[in-house]
Amino acid sequence: MSDEHWYEDETGSLVRPYTVTRGRTEPSGRQAIDLMSQVTAVEADAVQPDIDHARAALLALVRRGARPVVELAADADLPLTVVRVLLGDLAEAGLVRIDEPRRLEPAGPAADPELLKVIVERLREL
């Protein structure tokens with residue numbers, strides 16, 4: 001992330017995840033936050049809203065560029081559950097937008113069920 005660490009290499013977590021989320025395990029908003037949901041900062045200006053350290057650090061990551069929830073969790077070095085709760089809070093505050101992941105429809109040979117059956121049969125033969 002930067003010079004800020006939420007985890008100490010020798011001792012582990014400096015702050016327990018349940019304290020960061022205030023004991024919540026689900027985002028409080030109505031919006032579903034999928035692992036591959038795309039998160040975008042609403043305003044990328046330098047004004048820092050009145051939010052705590054954990055939310056501010058996550059917002060700083062989002063302001064670097066839009067990306068999926070799972071990547072944000074990896075970069076923040078936080079559990080996905082915690083990141084989902086924090087992103088829900090940021091979305092409710094109007095600081096980020098969370099878009100559902102795009103569902104790609106298979107096209108071409110990959111969409112052919114008969115071809116898929118042949119592939120499965122050949123794999124079983126191995």
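Residues numbered from 1 in each chain as written. Predicted model: local features only at pLDDT ≥ 70, side-chain atom pairs only at ≥ 80, totals over all residues. Heavy atoms only, no water.

## A look at the sheet that holds strand E5 (residues 96-99)
Logical step 1: Read from one edge of the open sheet, three strands run E4-E3-E5, paired in antiparallel fashion. Strands with a single pairing partner mark the edges of an open sheet, and in this sheet they are strand E4 (67-68) and E5.
Logical step 2: As paired elements, strand E3 (residues 38-41) and E5 share four bridges and run antiparallel to each other. Within the sheet, the bridge partner assigned to Val 39 lies in E5 and is Ile 98.
Logical step 3: Strands in contact with helix H4 (residues 80-92) are E3 and E5; relative to E5, the strand with the most contacts, it is inclined by about 115°. (Pairing = 2+ DSSP bridges. Helix = DSSP H or I, 4+ residues; strand = E, 2+ residues; numbered from the N terminus. Contact = heavy atoms within 4.5 Å. Axes fitted to C-alpha atoms, helices over the stretch in contact; angles between N-to-C directions.)

## A look at the side chain of Arg 67
Logical step 1: One can find Arg 67 in strand E4.
Logical step 2: Using a relative accessible area of 15% as the deciding quantity, one classes Arg 67 as buried.
Logical step 3: Dropping the residues within four chain positions of it, Arg 67 is found in contact with Ser 37, Gln 38, Val 39, Leu 61, Leu 72 and Asp 75. (Buried < 20%, exposed > 50% of the residue type's maximum accessible area, 1.4 Å probe, protein only.)

## Considering H4
Logical step 1: Counted at 1.5 Å a residue, the expected span for H4 with its 13 residues is 18 Å, and the 18 Å between its end C-alpha atoms agrees.
Logical step 2: Those residues of H4 lying buried are Val 82, Val 83, Val 85, Leu 86, Leu 87, Gly 88, Asp 89 and Leu 90.
Logical step 3: Within two residues after H4, Gly 94 carries a phi angle of roughly 75°, on the positive side. (Expected span 1.5 Å × (residues − 1).)

## Let's talk about unusual backbone geometry
Logical step 1: Even without being a glycine, Asp 77 presents a positive backbone phi close to 60°.
Logical step 2: Secondary-structure assignment places Asp 77 in the loop between helix H3 (69-76) and H4.

## Some points on the nonpolar core
A general trend in soluble globular proteins is that nonpolar side chains are found buried together.
Logical step 1: Judged by nonpolar contacts, the single largest core of 21 residues is most densely connected at Val 39, Leu 58 and Leu 87.
Logical step 2: Those elements giving two or more residues to this core turn out to be E3, helix H2 (53-63), H3, H4 and E5.
Logical step 3: Other than its neighbours up to four places away in sequence, Leu 58 contacts Leu 72, Ala 76, Val 83, Leu 86, Leu 87 and Leu 90. (Core = buried A, V, L, I, M, F, W, Y, C linked by side-chain atoms within 4.5 Å.)

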